[in-house]
Amino acid sequence: MARAPETLSQARARAIWIAAQKLDEREPFGAGPEAVAKAVAHLGYVQIDTINVIERCHHHILFNRIPVYRRADLNAAQSDDKSVFEYWTHALSYIATEDFPYFVAAMKEKRKDPGGWFGSVEPKDMRRILKRLREDGPLAISDIKDDKLVDKSHAWGSRKPSKKALQAGFFGGQLAISRRDGMLKTYDLLERHFGWERLPKPATRLQTLKYLLERALRSQGLVSLESICHLNAKDKPDILALIEREVRAKRLRPVLIEGCDVQHWGRPETLDTAPPEPTLTHILSPFDPLIIQRKRTSAFFDYDHIFEVYIPKEKRKLGYFTLPVLIGDEIVAGLDLKADRKEERLLIQAWHWMGKGNEADHKAIIEGELDRFSKFQFGG
């Protein structure tokens, strides 16, 4: 007989998720490149994005979990320690190198059938890039001066055939992004970058499904089929079958969250342990794992984040790049911030209140966090 789902209050669900995201502790991972590696491994991935109104989201996400975070720590983890690498999850992301085998099958499939934009890479261009990397060492697109420029096939593309070849080699597992300077990527032969003789053995299909489920449980606490398979609909049937096996084995329990009609599951040890009451304040990136899955954030927090970067100015409600502010277990405000890098100061373009509580008390708390956030923006 199937076990009836237990019902959790929205507040309990929020506390479990915040704890799983390590936003209930001030310094859960320590400091330095080792902390970066631990944070990325725990979260499963840290999304990368080009938007630079304030500090880019990968640095911002790490700062919220590593208070003494420095950008050099991520550079060291990627380029020196090689404890993290870049690849595609639901977006381009930093991933723990220990998880590399779960991505090898996708790399090999991309090399076999690149499709889309990368399918038009000429074999001679790929051979030329690989030969140049073997002979000259790592290179960035800016190092290539002898390309015969072509018309762009996409607005976001490049006139340099070498750029497309570098990207195709990256997605196909031939090349690694060995370092970043801002958004300028330096590529190297993947095996040479990691010191490997060949690609690691790919994980099996079942191992990969278990990895996706465990990654979500570790970083979310309570999971739904949608939250496990964010922008990954093709894996939903197999993930659901795995969940059902875990429920029968009593390693997962079904859960309903008050006010939410989406089925969730959690580990018994998660559901049988009272999570700590969240008390910290965080100015979050719109790409933070607590925000990026909009429907989940709405169900847990009664907060509907509006991302208005691509909306005409006259139609925006909150602002170009509004950041949600979490105090304890409640999202209480949205700040439209911009970094004035010349003057080294944060500009508050708009301040929107939402949720419950005393605005005056919240404002004092947020202003203290803004001071810390500003030091991060213009620090090392």
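First, a word on what this report is: a plain description of the structure on this page. Predicted model only: the values in this text are computed from it and were never measured. (Residues numbered from 1 in each chain as written. Predicted model: local features only at pLDDT ≥ 70, side-chain atom pairs only at ≥ 80, totals over all residues. Heavy atoms only, no water.)

## Here we look at the sheet that holds strand 7 (residues 184-189)
With antiparallel pairing, three strands are arranged side by side in an open sheet as 5-7-6. Strands at the two margins of the open sheet, each flanked by one partner only, are strand 5 (139-140) and strand 6 (175-181). Note: strand 6 against strand 7, six bridges, orientation antiparallel. Bridge assignment links Arg180 to a residue of strand 7, and that residue is Lys185. (Pairing = 2+ DSSP bridges. Helix = DSSP H or I, 4+ residues; strand = E, 2+ residues; numbered from the N terminus.)

## Regarding unusual backbone geometry
Within the chain, Lys22 stands out as a residue other than glycine whose phi angle is a positive 60°. Here Lys22 shows up in the loop between helix 1 (10-20) and helix 2 (32-43). Look at Lys22 and you get partly exposed, because its relative accessible area is 22%. Positioned with a positive phi, Lys82 is a non-glycine residue whose angle comes to about 60°. Structurally, Lys82 is set in the loop between helix 4 (71-80) and strand 3 (84-88). (Buried < 20%, exposed > 50% of the residue type's maximum accessible area, 1.4 Å probe, protein only.)

## What to know about the nonpolar core
Core analysis: the biggest nonpolar cluster contains 85 residues, and Leu62, Leu166 and Phe373 have the highest contact counts within it. Examining the composition of this core, we find that six residues originate from one element, helix 9 (residues 205-220), more than from any other. What Leu166 contacts, discounting residues up to four positions off in sequence, is Ile129, Leu133, Leu139, Ile141, Ile144, Leu175 and Tyr187. Counting residues in hydrophobic clusters, the runner-up holds 21 residues, among them Ala299, Leu326, Ile331 and Met354. (Core = buried A, V, L, I, M, F, W, Y, C linked by side-chain atoms within 4.5 Å. Contact = heavy atoms within 4.5 Å.)

## What to know about the packing of aromatic side chains
Taken as a whole and assessed by the stated rule, the structure comprises 22 aromatic pairs. Ring plane angle 75° and centroid distance 6.2 Å describe the contact between Tyr87 and Phe103, whose orientation is recorded as edge-to-face. Taken together, the residues Tyr87 in strand 3 and Phe103 in helix 5 (residues 101-112) connect sequence positions 16 residues apart. Each member of the pair Tyr87 and Phe103 is classed as buried. On the numbers, 6.2 Å between centres and 70° between planes, the contact of Phe307 with Phe321 is edge-to-face. Separated by 14 residues along the polypeptide, Phe307 in the loop between helix 13 (294-301) and strand 12 (322-327) and Phe321 in the loop between helix 13 and strand 12 bring together distant segments of the chain. We classify Phe307 as partly exposed; its relative accessible area is 22%. Counting every residue linked through ring pairs, the aromatic cluster contains Phe85, Tyr87, Trp88, Phe100, Tyr102, Phe103, Phe170, Phe171, Phe194, Trp196 and Tyr211. The cationic tip of Arg296 hangs over the ring face of Trp17; the distance from NZ or CZ to the ring centre is 4.1 Å. If you follow Lys363 out to its NZ or CZ, it ends over the ring of Trp351, 5.1 Å from the centre. (Phe/Tyr/Trp six-rings, centres within 6.5 Å; stacked < 30°, edge-to-face > 60°. Lys NZ or Arg CZ within 6 Å of the ring centre and 35° of its normal.)

## With respect to the pattern of salt bridges
What the rule picks out here adds up to 25 salt bridges. Here Arg267 ties to Glu214 by a salt bridge, and the two come within 3.2 Å at their closest N and O atoms. Of this pair, Arg267 sits in the loop between strand 10 (264-266) and helix 12 (268-271) while Glu214 is found in helix 9, placing the two residues 53 residues apart along the sequence. Overall, Arg267 belongs to the buried group, its relative accessible area being 16%. Using a relative accessible area of 35% as the deciding quantity, one classes Glu214 as partly exposed. Between Lys363 and Glu367 there is a salt bridge, and its shortest N-O distance comes to 2.6 Å. With Lys363 and Glu367 both in helix 14 (residues 359-378), this residue pair falls four residues apart, about one helical turn. (Salt bridge = Lys/Arg side-chain N within 4 Å of Asp/Glu carboxyl O.)

## Observations concerning helix 7 (residues 161-171)
Counting buried positions along helix 7 yields nine of 11 residues, so the element is predominantly enclosed. Within the span of helix 7, buried status applies to Ser162, Lys164, Ala165, Leu166, Gln167, Ala168, Gly169, Phe170 and Phe171. Just downstream of helix 7, Gly173 is the residue with a positive phi angle, here 80°.

## Re the pairing of strand 12
Of all the six residues making up strand 12, six are buried; the element is thus mostly covered by neighbouring parts of the structure. On strand 12, burial covers both faces: Thr322, Pro324 and Leu326 on one face and Leu323, Val325 and Ile327 on the other are all buried. Bridge count between strand 11 (residues 281-283) and strand 12: three bridges; the pairing is antiparallel. Looking at strand 12, one finds that Ile283 is bridged to Val325. Two elements, strand 12 and strand 13 (residues 330-340), share six bridges in a ladder whose sense is antiparallel. Looking at strand 13, one finds that Leu326 is bridged to Ile331. Between strand 12 and strand 13, which follow one another and run antiparallel, lie two residues, and Gly328 among them has a positive phi close to 65°.

## What about empty space enclosed by the protein?
Under the definition given, this model contains two cavities of 30 Å³ or more. What lines the largest cavity is Phe85, Glu86, Phe100, Met107, Phe170, Leu175, Ala176, Ile177, Leu190, His193 and Phe194. Contributing elements (two or more residues each) for the lining of the largest cavity: strand 3, strand 6 and helix 8 (190-194). Among the residues forming the lining of the largest cavity, the class breakdown is nine nonpolar, one polar and one charged. Taken as a whole, the second largest cavity holds about 40 Å³ of empty space. Lining of the second largest cavity is provided by Tyr45, Val46, Gln47, Ile61, His90, Phe287, Pro289 and Ile292. For the lining of the second largest cavity, the per-class residue count stands at six nonpolar, two polar and no charged. (1 Å grid on protein atoms, 1.4 Å probe; cavity = no way out; pocket = protein on both sides within 12 Å on 5 of 7 lines; lining within 4 Å. Points joined across faces, edges and corners; volume = space filled by probe spheres on them. Nonpolar A, V, L, I, M, F, W, Y, C, P; charged D, E, K, R; others polar.)

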